[in-house]
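# Tertiary structure, described
Okay, here's what each chain looks like letter by letter:
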Amino acid sequence: MTLTLHYHPLSSYCHKVLVALYELGTDFRTHHLDFSNPEVQEALKQLWPMCKMPVLVDDARGTNTAESSVIIEYVDTHYPGAEKLIPQDTDHALEVRKWDRIFDLYIQNEMQRIVGDSFRPDDAKDPFGVEQAKGTMLTAYGMLDAHLMGKEWVTGDSFTMADCAAVPALFYGSIMVPTTDFPNVTAYFERLIARPSVARVLSEAKPWFHLFPYLDRMPDRFK
Ligand SMILES: N[C@@H](CCC(=O)N[C@@H](CS)C(=O)NCC(=O)O)C(=O)O
């Protein structure tokens, strides 16, 4: 086995990559990062100076790859599964990359801003930023809701990298900003969590959910 994923089972961006690896049937091992240990953070910086997870180390090819979308493209290219997560067709691939960006930048990162605010000291809270983040997420939900009409997965009939990105964006996102007013998004989320790869990731995360600061808002079915 040559691939090692440096990760944490609670991390949203790690969930995105884990869904992809399970979809592809990739053979890999995991290295669990304990961020409370400064030595672990220093070691991660050696792999990726931004000190963000996940990072994929490939001993066979001598590479370290960071950034969830790039990791997925790397594995889809060098260790392909039965189905491609980035389609061969150029226009379809562009659509996948576009929705991958929408989920990451306008839902998942904004969700992280809201959750991150809960860790700030009382005199450094950013209620204005939190409201801005909620507004951006609602705009993205609205765009997604209209787009999903008549679609099974976000770019059509096949499950792609964009759907991998949708998983943590909507899982954690809907806890912070519910999708109740967006029926197509809500139905799409139900299709996502019924997928075996996604169910596996969420079930593996379960023992760690007590560390999530908004556990009280998480639906009981996930706990
Ligand atoms: N753009 C990055 C984002 C990665 C990211 O934000 N990772 C979070 C965990 S979900 C992290 O490492 N946070 C630790 C920190 O910021 O100190 C990606 O797509 O991989």
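Bear in mind that the values here come from a model prediction, so they are computed numbers and not experimental data.

## Overview of the sheet that holds strand 4 (residues 63-66)
Strands sit in the order 2-1-3-4 across an open sheet of four strands; the sheet is mixed. In this open sheet, the two strands that pair with only one neighbour each are strand 2 (29-32) and strand 4. Adjacent strand axes in the sheet meet at a mean angle of 20 degrees, parallel and antiparallel pairs treated alike. Pairing of strand 3 (residues 55-58) with strand 4 involves four bridges; the strand directions are antiparallel. Note that in strand 4 the partner of Leu 56 across the bridge is Thr 65. Sheet strands touched by helix 3 (residues 68-78): strand 3 and strand 4. Its angle to strand 4, the strand with the most contacts, is close to 135 degrees.

## Describing the packing of helix 5 (residues 127-148) against helix 7 (residues 183-194)
Running from amino to carboxyl end, helix 5 crosses helix 7 at an angle of 75 degrees, the nearest separation of the two axes being 7 Å. Considering the angle they form, helix 5 stands roughly perpendicular to helix 7. Contacts between helix 5 and helix 7 involve Tyr 141, Leu 144, Asp 145 and Leu 148 from the first element and Pro 183, Asn 184, Val 185 and Tyr 188 from the second. For the contact of helix 5 with helix 7, the class distribution of residues is six nonpolar, one polar and one charged.

## Considerations on the site of the ligand
Surrounding the ligand, one finds Ser 11, Ser 12, Tyr 13, Phe 35, Lys 52, Met 53, Pro 54, Glu 67, Ser 68 and Gln 112. Glu 67 is positioned such that a nitrogen or oxygen atom in its side chain is 2.7 Å from a nitrogen atom of the ligand. Ser 68 places a side-chain nitrogen or oxygen 2.7 Å from an oxygen atom of the ligand. For the ligand, whose accessible area on its own is 520 Å², the fraction buried by protein is 74%.

## Quick notes on the side chain of Ser 69
Inspection of the secondary structure assignment puts Ser 69 in helix 3. Within polar-contact distance, the side chain of Ser 69 engages the side chain of Lys 16 at 2.9 Å. Of the polar contacts made by the side chain of Ser 69, one reaches the side chain of Arg 101; its length is 3.0 Å. Aside from chain neighbours lying at most four places away, what touches Ser 69 is Lys 16, Asp 100, Arg 101, Asp 104 and Met 161.

## Considerations on helix 6 (residues 161-176)
Compared with the 22 Å implied by 1.5 Å per residue over 16 residues, the 23 Å span of helix 6 between its first and last C-alpha is a close match. At Leu 170, helix 6 shows its maximal bend, which comes to roughly 25 degrees. When you tally the buried positions in helix 6, you get 16 out of 16 residues, the bulk of the element.

## What to know about the domain arrangement of the chain
Where the parts come together, the accessible area they lose is often given as the size of the interface. Split by domain assignment, the chain resolves into domain 1 (3-78) and domain 2 (90-222). Using C-alpha coordinates to define each centre, domain 1 is positioned 20 Å away from domain 2. In total, about 1900 Å² of surface goes out of reach between domain 1 and domain 2, with carbon and sulfur atoms giving 64% of it. It is Leu 10, Tyr 13 and Tyr 22 in domain 1 that bury the most area against domain 2; as a group they hold 32% of the surface buried on that side. Linking domain 1 with domain 2 are four salt bridges. Remark: the boundary between domain 1 and domain 2 carries 13 residue pairs in polar contact (both at pLDDT 80 or more). Sorting the residues of the side of domain 1 that touches domain 2 by element identifies helix 1 (12-24) and helix 3 as the ones contributing at least two each.

Parameters at a glance
- Residues numbered from 1 in each chain as written.
- Predicted model: local features only at pLDDT ≥ 70, side-chain atom pairs only at ≥ 80, totals over all residues.
- Heavy atoms only, no water.
- Pairing = 2+ DSSP bridges.
- Helix = DSSP H or I, 4+ residues; strand = E, 2+ residues; numbered from the N terminus.
- Axes fitted to C-alpha atoms, helices over the stretch in contact; angles between N-to-C directions.
- Contact = heavy atoms within 4.5 Å.
- Parallel < 35°, antiparallel > 145°, perpendicular 65-115°, else oblique.
- Nonpolar A, V, L, I, M, F, W, Y, C, P; charged D, E, K, R; others polar.
- Near = heavy atom within 4 Å.
- Polar contact = N/O pair within 3.5 Å; in protein donor to acceptor, adjacent residues only side chain to side chain.
- Areas by Shrake-Rupley, 256 points an atom, 1.4 Å probe, with all protein chains shown as cover.
- Expected span 1.5 Å × (residues − 1).
- Bend = angle between axes of the 7 residues up to and from the residue.
- Buried < 20%, exposed > 50% of the residue type's maximum accessible area, 1.4 Å probe, protein only.
- Domains from an automatic or database assignment.
- Buried area = accessible area lost by both parts, 1.4 Å probe.
- Salt bridge = Lys/Arg side-chain N within 4 Å of Asp/Glu carboxyl O.

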